[in-house]
Amino acid sequence: MSKAQEHNKAKKYGMVIDLDKCTGCGACMVACMAENNVPFKKDESDKLLSITWMKVYKLTNGKDFPDADICYLPRPCQHCEGQHSGHSPCVSVCPATATDYSTDTGIVSQIYTRCFGCRYCMAACPYHARHFNWWDPVWPAGMEKMLSPDVSVRMRGIVEKCSFCFHRYQRAKDKAYMEDRRELEEHEYQTACTQACPAGAIIFGDLNNPDHEVHKIAQPDPGHHGRPKNPNAFRLLERLGTNPKVYYLSSREWVRKAGDNYLKTEKINKH
Amino acid sequence: MDSALIPKGVQRCSLGKFTLFIGAVSAVLLWGVYAMLLCWLKGLNQTNMNDYYGFALWIWADLAVIALGGGAFFTGFLRYIVGKNELKNIINYAVLIGFICYSSALLILAIDIGQPLRGWFIFWHANVHSMLTEVAFCLSCYFGVLTIEYIPLVLENRQLNKVPFFHNLAHNMHEVMAVFAATGAFLSFFHQGSLGGVAGVLFGRPFAYREGVFIWPWTFFLFTWSAAAYGPCFTLSLTKLLEKVSGKKLVKDNVVELLAKISGWMIITYIIAKIADTWYWAAVTAPEGGFTLMDFYSNNPLYGIWILVLEIVIGGIIPGLILITETGRKNKFLLITAIILACIGVSVNRWVMVLQVMAVPVMSFDIWAMYIPSWQEVATTILPVAYGVILVALSYRYLPIFPQERELNPITD
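Procedures and definitions
Each chain has its residues counted from 1, running along the sequence as written. Chain letters start at A and ligand numbers start at 1, both assigned in the order the entries are written. In keeping with the predicted nature of the model, local features appear solely for residues at pLDDT of at least 70, side-chain atom pairs appear and are counted solely at 80 or more, and the whole-chain, interface and lining totals rest on all residues. Side-chain metrics rest on all non-hydrogen atoms present in the structure, leaving aside hydrogens and water. Per the convention used, a helix needs a DSSP run of H or I reaching at least four residues, while a strand needs a run of E reaching at least two, with both numbered from the N terminus. Categorising residues by exposure relies on relative accessible area from a 1.4 Å probe, with only protein chains included: less than 20% of the type maximum marks a residue as buried, more than 50% marks it as exposed, and the intermediate range marks it as partly exposed. We call two residues in contact whenever any of their non-hydrogen atoms come within 4.5 Å of each other. In this description, accessible areas are obtained by the Shrake-Rupley approach with a 1.4 Å probe, and a residue is regarded as covered only by the protein chains that are shown. Positive charges are assigned to Lys and Arg, negative charges to Asp and Glu, while His and the chain termini are left out of the count. By convention, the point assigned to a charge is CZ for Arg, NZ for Lys, CD for Glu and CG for Asp. The criterion for strand pairing is that DSSP finds at least two bridges linking the strands in question. Given a helix with a known number of residues, its expected span is that number minus one, times 1.5 Å. Summary of the metric used: pLDDT quantifies the predictor's per-residue confidence within the range 0 to 100. Throughout, buried area stands for the accessible area (probe radius 1.4 Å) lost by two parts on being put together, summed over both. Salt bridges, as used here, are contacts in which a Lys or Arg side-chain nitrogen is within 4 Å of a carboxyl oxygen on Asp or Glu. For this analysis, a polar contact is any N or O atom pair within 3.5 Å, provided that within protein one partner can donate a hydrogen and the other can accept it, and provided that sequence-adjacent residues contribute only side-chain to side-chain pairs. Like charges within 9 Å and nonpolar side chains (Val, Leu, Ile, Met, Phe, Trp, Tyr) within 5 Å are joined into patches, using only residues over 30% in relative accessible area that form no salt bridge.

Colleague: Describe the overall build of chain B, naming the residues involved and giving the relevant values.
Modeller: When you go through chain B residue by residue, the secondary structure sums to 15 helices and two strands. Along the first, second and third principal axes, the C-alpha atoms of chain B reach 75 × 50 × 35 Å. In chain B, which comprises 413 residues, the proportion classed as buried is 58%. In chain B, the share of contacts with a sequence separation of at least 24, taken over all contacts with a separation of at least 6, comes to 80%. When the accessible surface of chain B is summed, it comes to about 16,800 Å², and 71% of that surface belongs to carbon and sulfur atoms. Between the centroid of the 25 positive side chains of chain B and the centroid of its 23 negative side chains there is a distance of 11 Å.

Colleague: I'd like a description of the sheet that holds strand 11 (residues 233–234) of chain A, backed by residues and values.
Modeller: Backbone hydrogen bonds are what pair the strands of a sheet, in a parallel or an antiparallel way. All names here are of chain A. Ordered by their spatial adjacency, four strands build an open sheet running 8-1-12-11, and the pairing between neighbours is mixed. Of all the strands in the sheet, the pair left with one neighbour each is strand 8 (202–206) and strand 11. Bridging between strand 1 (residues 13–18) and strand 8 involves five bridges; their strand directions are antiparallel. Its bridge partner being in strand 8, Ile17 is matched across the sheet by Ile202.

Colleague: Describe helix 4 (residues 166–178) of chain A, and please don't skip the residues or the numbers.
Modeller: One turn of the α-helix equals 3.6 residues, which is why residues spaced by three or four share an orientation. Residue and element names in this part refer to chain A. End to end, helix 4 covers 19 Å across 13 residues, agreeing with the expected 18 Å (1.5 Å per residue, within 8%). In the core, the buried residues of helix 4 are packed alongside strand 1, helix 2 (27–35) and helix 5 (192–196). Positive phi appears at Asp180, one or two residues downstream of helix 4, with a value of about 60°.

Colleague: Outline the confidence of the model for chain B, listing residues and values.
Modeller: Residues and elements named next belong to chain B. Predicted confidence across chain B gives a mean pLDDT of 95, with 100% of residues reaching 70 or more. The least confident element of chain B, judged by mean pLDDT, is strand 1 (residues 212–213) at 88; the most confident is helix 11 (residues 306–324) at 98. Confidence estimates for the predicted assembly give a pTM of 0.94 and an ipTM of 0.93.

Colleague: For the side chain of Glu257(B), give the residues involved together with the corresponding values.
Modeller: Note on placement: Glu257(B) falls in helix 10 (residues 253–288). If we ignore the near neighbours within four places in the chain, the residues touching Glu257(B) are Arg329(B) and Lys330(B).

Colleague: Give a description of the interface of chain A and chain B that names residues and reports values.
Modeller: Facing the 53 residues of chain A at the interface are 52 residues of chain B. Taking both sides of the interface into account, the surface hidden between chain A and chain B amounts to around 4,300 Å²; carbon and sulfur atoms contribute 60%. Area buried by chain A at its contact with chain B is led by Leu48(A), Phe116(A) and Tyr120(A), which between them contribute 17% of it. Where chain A packs against chain B, one counts one salt bridge. For the salt bridge of Arg119(A) with Asp112(B), the shortest nitrogen-to-oxygen distance reads 2.5 Å. Run the count over chain A and chain B and you get 31 residue pairs in polar contact (both at pLDDT 80 or more). Of all the elements in the fold, those that place two or more residues in the side of chain A that touches chain B are strand 2 (55–60), helix 3 (120–124) and strand 6 (131–132) of chain A. Residue contributions to the side of chain A that touches chain B peak at four residues, all from helix 3 of chain A.

Colleague: Can you tell me about a nonpolar patch on the surface, naming the residues and giving the values?
Modeller: All names here are of chain B. A contiguous nonpolar patch, built from Val28, Trp31, Tyr34, Trp375, Val378, Ile382 and Val385 and spanning about 600 Å² of accessible area, is present on the exposed surface. Counting only elements with at least two residues in the nonpolar patch, the list comes to helix 1 (15–42) and helix 14 (375–398). In terms of residue count, helix 14 provides more of the nonpolar patch than any other element does, four residues in total. Residue position: Trp31 is located in helix 1.

Next up, the structure:
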């Protein structure tokens, strides 16, 4: 493939999260908040009002000791593609085109200055990945100096969500451009949560690139909307047709089963 | 004192009594305005909504008043397009109720959005794939149509009508009203439907998601149908309420019974379609997403199966059956029971299609969150009710809303 062709090839950035490695430490959540200037309140006890671009859920198998088992499941925005390009649950419903799907990167964006806060995207997202700014962000004295200059601070009355640290992609592209390159190396664009995870449970890259780790692990099947061929991999709510770009990995069947809803009489039939 | 403004040949209460009534309702209205200003100035943190209940009381109120206000477009359709001339005796009131409902809906929407000053973005940056965009366009246009339909009524005020220009304008507007009624019916068909589509296209939410025809889920057609079916019941219930408050008969029984009969048949046919939709959803659509029917109605303190029974049986089948039988329509108690149950039925439908949709956990490890509205939400929901009462009171007092009132209540002295 020529360089020009390589450059034109669409990326599909995605994530693989190994749930067998995740310890639930929350470093990804902290890194995400710090990286993306995510606001917080004095009292964060009501989690239904908290803004968590990356949220770690605790799952249990519901059994008693000694069979009890737990699993921590980090949940960023799933950057759904839907059944055809860009038909993400949220993108297709936004009345003001404030959220958009990039066919170049596969990333679902959020245009904060265009969002007028109707919250229809939140109604559409089954993952609760979208959060509304119920308050204007107020930072503790002095902390505003620590805010990232690459990420805009969001105002009251709009919806926000994980962007796969898109500013890092822009920065990497700028750097590559200055070095007369058009292609990024895998390590050049990595999300904050990926880099912060001490267990190395989060892997990020281009799902369309066979050389990238995410592609090798998830083995997305293009004939089935990117469904993973890896038998230990799964996506949240696969059968709803949201076609997310976040893949989860676990050797435990109950964890894989928890990723979707099944009728009591039904067996997992993923592949 | 204001007798010069009151239509000839009818009796009204004293101005003092009327002022006292308007003053009391205005106090409620001001309470709502205060809550509205709090929401605008301080933001939606004044509500008890959260990231699990981003759509809550207001959006229900919106959908409910639009469904109930559907009496305007459907009665207009029956009167001007189908040619049911008897309905000319209730169409003015239906238009007034519709006007109140739609202006209320727009007001509530203006409070409900997080950035009210950016509300125009829905038109400027319109996403043509979004059902909400269609709602916004049709809602605004139909409100314009209702305003055009309401203007001639205002111009028929005794004093205004003395001005030749206003008199002729009102007359000519009446002459071409069929065009606006047809436009209103067309617009309403789409926006009532797109309101149904708002929920039906949510393929990530198995409680709401419906299959359908091309881009239109079944709910698109069910919403239009139900608004046409139940809207007239709301017009009738408010007519009966006004008759009770004023102590006068305002509309002849044959008019009421005709509208009730049409509404009854619409409800019965709608409820058959609704049952078929529910059956297909419970047997096919939901299981494909891994859900059984009872997954949507259990393991939570509020959303039990009773809600489905209330909507379909008590608020649908029962009023429908009463209204299609002559005995039911002629019996005052049964008629009033039926129109009230119908209003409850359609309101419950709108409630579940917005609130339950978001409350039902979709991820297997998620929670059922509950929600109780804050006083600010309640006050701003009552605000349009108070505004509606004031507008009805003013219109009834000063405008010829009920053409049969004079005949039904002759002044003897």
